[in-house]
Amino acid sequence: MPEHPAITGTNALQTKVDVSPEGHARVVLSGRLNARSTTACWDQLQRAFFQKRITSVEVEASGLMFCDSTGFALLRYLNFGEMTPGATVSVIGLPPELDKNFRFFTIEDYQA
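Criteria and thresholds
- Residues numbered from 1 in each chain as written.
- Predicted model: local features only at pLDDT ≥ 70, side-chain atom pairs only at ≥ 80, totals over all residues.
- Heavy atoms only, no water.
- Helix = DSSP H or I, 4+ residues; strand = E, 2+ residues; numbered from the N terminus.
- Buried < 20%, exposed > 50% of the residue type's maximum accessible area, 1.4 Å probe, protein only.
- Contact = heavy atoms within 4.5 Å.
- Areas by Shrake-Rupley, 256 points an atom, 1.4 Å probe, with all protein chains shown as cover.
- Axes fitted to C-alpha atoms, helices over the stretch in contact; angles between N-to-C directions.
- Parallel < 35°, antiparallel > 145°, perpendicular 65-115°, else oblique.
- Left-handed = near helix turned anticlockwise from the far one by under 90°.
- Nonpolar A, V, L, I, M, F, W, Y, C, P; charged D, E, K, R; others polar.
- Salt bridge = Lys/Arg side-chain N within 4 Å of Asp/Glu carboxyl O.

1. Let's talk about the overall build of the protein chain
Assigned secondary structure in the protein chain consists of four helices and five strands. For the protein chain, the N- to C-terminal ordering of α and β elements is β-β-β-α-β-α-β-α-α. Expressed as a percentage of the 112 residues in the protein chain, the buried residues total 42%. Partitioning the contacts of the protein chain with sequence separation of at least 6, the portion at a separation of at least 24 is 68%. Roughly 6,100 Å² of accessible area belongs to the protein chain as shown, and the carbon and sulfur atoms make up 53% of that amount.

2. Side note on helix α2 (residues 69–79)
Across the eleven residues that make up α2, a large majority, eight, are buried. Taken residue by residue, α2 has G71, F72, A73, L74, L75, R76, Y77 and L78 as its buried positions. Positioned one or two residues after α2, G81 has a phi angle of 80 degrees, which is positive.

3. Brief notes about the packing of helix α1 (residues 38–49) against α2
Put simply, α1 and α2 touch, their axes get as near as 9 Å, and they point 20 degrees apart. Classed by the angle they form, the pair α1 and α2 counts as roughly parallel. Where α1 crosses over α2, the handedness of that crossing is right-handed. Where α1 approaches α2, its residues T38, C41, W42, L45 and F49 are matched on the opposing element by T70, G71, L74, Y77 and L78. Per-class residue counts for the contact of α1 with α2 are seven nonpolar, three polar and no charged.

4. Let's talk about the pattern of salt bridges
The tally for this structure, following the rule as stated, stands at three salt bridges. As a salt-bridge pair, E58 and R26 come within 2.2 Å of each other at their nearest N and O atoms. Taken as a pair, E58 in strand β4 (residues 56–67) and R26 in strand β3 (residues 24–33) lie far apart in primary sequence, 32 residues in all. By relative accessible area, which is 29% here, E58 ends up partly exposed.

5. A look at the packing of α2 against helix α3 (residues 96–104)
Relative orientation and spacing of two packed helices are given, respectively, by the angle between their axes and the distance between those axes. Contact geometry of α2 with α3 gives a least axis separation of 10 Å together with a crossing angle of 65 degrees. At the point where α2 passes α3, the crossing takes the right-handed sense. Residues F72, L75, R76 and N79 of α2 form the contact with α3, whose own contacting residues are L98, N101, F102 and R103. Of the residues belonging to the contact of α2 with α3, the class tally is four nonpolar, two polar and two charged.

Keep in mind that these numbers describe shape and distance, not what the molecule does.
Listed below in structure tokens is the structure:
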């Protein structure tokens, strides 16, 4: 699937999604995952995974420059397997300052 900017300008997020015939998905995120860009990213992921048997998801997030609570909610939603039930999901490469916040973002935060 081609790379699409979720939002242009200063809030740009690049999202690339590839799904193999075997059901292995790789998501590459770069830019700013925030309230303006998360919705478009979420929709793109749902379209990419729709009616596919996804067995594993790797979210490569080393290119993220910024992530707010809506972005962390999307990452946790993916990480909890909510978008891809039964799949093994990993979020890798988050820059240290974002990884620290991601680790503290709990299921209670997501449900709030």
